[in-house]
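# Understanding the architecture of this molecule
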Amino acid sequence: DEPPLPPPIWKPTKHDLVTGRDPTRVKFFDTTLRDGEQSPGATLTGEEKLVIARQLAKLGVDIIEAGFPVASNGDFEAVRNIARTVGTRENPPIICGLARAVESDIARCWEAVKDAAFARIHTFIATSDIHMEHKLKKSRSQVLETVTRTVQYAKSLCEDIEFSAEDATRSDPEFLYEVFSRAIEAGATTINVPDTVGYTTPAEFGSLMRGIRRNVRGIENVCLSVHGHDDLGLAVSNFLSAIENGAQQVECTVNGIGERAGNASLEEIVMALYVRRQYYNNKLGRPDPNALLTCVDTQEIWKTSKLVSNLTGMIVQPNKAIVGSNAFAHESGIHQDGILKNRLTYEIMDARLIGMQENQLVLGKHSGRHAFRKRLGELGFDLTEDELNRAFVRFKELADKKKEVTLWDLESIVNDEVRLQ
Ligand code: KIV
Ligand code: ZN
């Protein structure tokens, strides 16, 4: 019975104005280098983080969360290096660091990000009763006081402040509204709603967005963001529902890597908003049914996925949407027959849209070293001369046995047979 809400207000930020980004597009906040790196076993060196950050800038994400600077000196250096060097002068991404709602964390975070063309401090505190009682050992009023004090402090250092209420989806909504209202009064410019334990459902998350938009003081002046984990496999669906209900920023990772079952997957949200753009433009009351809803360059998706998988060692499951090895493969006779007659029978998108070229799939026994090296480079592998020699010998052996050596064969040659020896 709720009265309908007007469409969200999309005010251009300084970043939008300088980079010429359309302020009405959904902002992509990539946290591959922070939450993604929290996947068990996915630790990256500073140099690897820099390589990924450069590719994320090419991908066109609006914000890169480069790390958690207080966590270690290595992470501090990595974030600072990214802040100082990533992005072109005309189109730099915002570089963000994470900090608990503690002054010393925030100060360290600012030191790491302050040299970026556009810097952001992202600070957070838990707001669910279970977290406040057992983890923080703070009362509700102590949490409210901490929010005001620490957001004000962050604001004294940096203009662009994001505030997150950890475990928001298991928090008392009335308390959550008050926490967000106080964060905005203290200077937050983005309010983020994390589904920290992947507990919510699409309808419930959409309704929480509407509740926040109706009840949080000053919400119309800030960006409403969502963050989510995939414990129930619902993270992307939850985000799409949040977008329909007024969320303006989504926090996600490449290949959906992250704590436990991972974070919402960047490529899935981008492609859902692209393939179904008429549906979402209509839902959001945008006049042009074919207008793009993100600034992400879909052509860079495949390469970014490969790079992240290779550097983190997190293998992408074959049936993963968009970037899995089977995502564009057709096995059954009926499907193959349909595809040969008209691709649209069984394909809702062309593999080339994500930068995957059909001819990238095949290398045969006649291929030379040069093509081999080039193809490995496209897959994100930067091998030493010795590694390349060994990989090439193995490739020739395989090419003698198989009609074609696919990119997945190449990946396994490098990952399993060259790197692990
Ligand atoms: O999942 C979570 O709650 C987080 C916050 C720090 C945003 O990663
Ligand atoms: Zn998270």
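Just so we're clear, the structure is a prediction, and the values are computed from it rather than from any experiment. (Residues numbered from 1 in each chain as written. Chains lettered and ligands numbered in written order. Predicted model: local features only at pLDDT ≥ 70, side-chain atom pairs only at ≥ 80, totals over all residues.)

### Details of the overall build of the protein
What the protein contains, in helices and strands, is 16 helices and eight strands. Computed over C-alpha atoms, the radius of gyration of the protein comes to 22 Å, within 12% of the 22 Å expected from 2.2 N^0.38 for 421 residues, which places it in the range of a compact globule. Taken along the three principal axes of its C-alpha coordinates, the protein extends 70 × 50 × 40 Å. Pairs at least 24 apart in sequence give 71% of the contacts found in the protein among residues at least 6 apart. (Helix = DSSP H or I, 4+ residues; strand = E, 2+ residues; numbered from the N terminus. Rg over C-alpha atoms; globule rule 2.2 N^0.38 Å. Contact = placed C-beta atoms within 7 Å.)

### Some remarks on unusual backbone geometry
A positive phi angle is found at K137, which is not glycine, with a value near 50°. Within the element layout of this structure, K137 appears in the loop between α5 (129-136) and α6 (140-157). Of note, the phi angle at R260 is positive, near 50°, even though the residue is not glycine. Of note, R260 is situated in the loop between β8 (249-252) and α10 (266-275).

### Some remarks on the pairing of strand β4 (residues 119-126)
Along β4, eight of the eight residues are buried, which leaves the element largely enclosed by surrounding structure. Burial along β4 is two-sided: the residues A119, I121, T123 and I125 and R120, H122, F124 and A126 are all buried. One ladder, built from six bridges, connects strand β3 (residues 94-100) with β4; its direction is parallel. Each residue of the ladder has a partner; that of C96, found in β4, is R120. Between β3 and its parallel partner β4, the chain crosses via helix α4 (residues 103-113), and the hand of that crossover is right-handed. (Buried ≥ 20, exposed ≤ 12 C-beta atoms within 10 Å, placed from the backbone. Pairing = 2+ DSSP bridges. Right-handed = clockwise from strand over helix to strand, strands pointing away.)

### Some remarks on the UniProt feature "domain: Pyruvate carboxyltransferase" (unreviewed entry) in the protein
According to UniProt, the "domain: Pyruvate carboxyltransferase" (unreviewed entry) feature falls on residues 26-288. Segment residues 26-288 splits into 45% helix and 17% strand. End C-alpha atoms: 15 Å apart. (UniProt positions renumbered as here; feature names shortened; annotations may be inferred.)

### As for the pairing of strand β7 (residues 223-228)
Of all six residues in β7, six are buried; the element is thus mostly enclosed. Of the two faces of β7, the one holding C223, S225 and H227 and the one holding L224, V226 and G228 are both buried throughout. Relative to β7, strand β6 (residues 190-195) is paired through six bridges, and the arrangement is parallel. Bridge pairing links N192 to S225 in β7. Running through helix α8 (residues 202-215), the crossover from β6 to the neighbouring parallel element β7 is right-handed. Once the chain exits β7 it traverses helix α9 (residues 235-244) before rejoining the sheet at β8, and the crossover so formed is right-handed.

### Overview of the packing of α6 against helix α7 (residues 173-186)
Where α6 contacts α7, the axes come no closer than 8 Å and their chain directions differ by 25°. By the angle between their axes, α6 is roughly parallel relative to α7. Every pair of crossing elements has a handedness; the one defined by α6 and α7 is right-handed. Residue-level contacts link R140, V143, L144, V147, T148, V151, Q152 and K155 of α6 to F175, E178, V179, R182, A183 and A186 of α7. For the contact of α6 with α7, the class distribution of residues is eight nonpolar, two polar and four charged. (Axes fitted to C-alpha atoms, helices over the stretch in contact; angles between N-to-C directions. Parallel < 35°, antiparallel > 145°, perpendicular 65-115°, else oblique. Left-handed = near helix turned anticlockwise from the far one by under 90°. Nonpolar A, V, L, I, M, F, W, Y, C, P; charged D, E, K, R; others polar.)

### Observations concerning the environment of R369
Relative to the helices and strands, R369 is located in helix α14 (residues 369-378). Taking the C-beta count within 10 Å as the criterion, R369 has 12 such neighbours and is therefore assigned exposed. Expressed as a C-alpha distance, the spacing of R369 and V393, which sit 24 residues apart in the sequence, is 9.8 Å.

### Re the site of ligand 1
Looking at ligand 1, the residues that line it are D35, F124, S164, E166, P194, T196, H227 and H229. Taken together, the residues that form the shell around ligand 1 break down as two nonpolar, four polar and two charged. (Near = placed C-beta within 6 Å.)

### Some thoughts on the sheet that holds β7
Reading around the circumference, β1-β2-β3-β4-β5-β6-β7-β8 is the order of the eight strands in this closed barrel, with parallel pairing throughout. Between one strand axis and the next, the sheet turns through 25° on average, direction left out of account. Strands in contact with α7 are β5 (161-166) and β6; relative to β5, the strand with the most contacts, it is inclined by about 165°.

### Here's the deal with the environment of E259
Relative to the helices and strands, E259 resides in the loop between β8 and α10. Linking E259 and S39, residues 220 residues apart in sequence, is a C-alpha distance of 4.7 Å. Apart from the residues lying within four places of it in its own chain, the contact partners of E259 are D35, Q38, S39 and H229.

### Re helix α3 (residues 73-85)
End to end, α3 covers 18 Å across 13 residues, agreeing with the expected 18 Å (1.5 Å per residue, within 8%). When α3 is considered as a whole, its buried residues turn out to be D75, F76, A78, V79, R80, I82 and A83. On its buried side, α3 packs onto α2 (46-59), β2 (63-67), β3, α4 and β4. Phi turns positive one or two residues past the end of α3, at G87, with a value near 100°. (Expected span 1.5 Å × (residues − 1).)

### Describing the nonpolar core
Core analysis: the biggest nonpolar cluster contains 101 residues, and I64, A66, I95, V113, F239, V250 and I269 have the highest contact counts within it. Discounting residues that sit within four places of it in the chain, F239 has contacts with V226, G228, V250, A264 and I269. Among the nonpolar cores identified, the runner-up in size contains 10 residues, and A391, F395, I413 and V414 belong to it. (Core = buried A, V, L, I, M, F, W, Y, C linked by C-beta atoms within 7 Å.)

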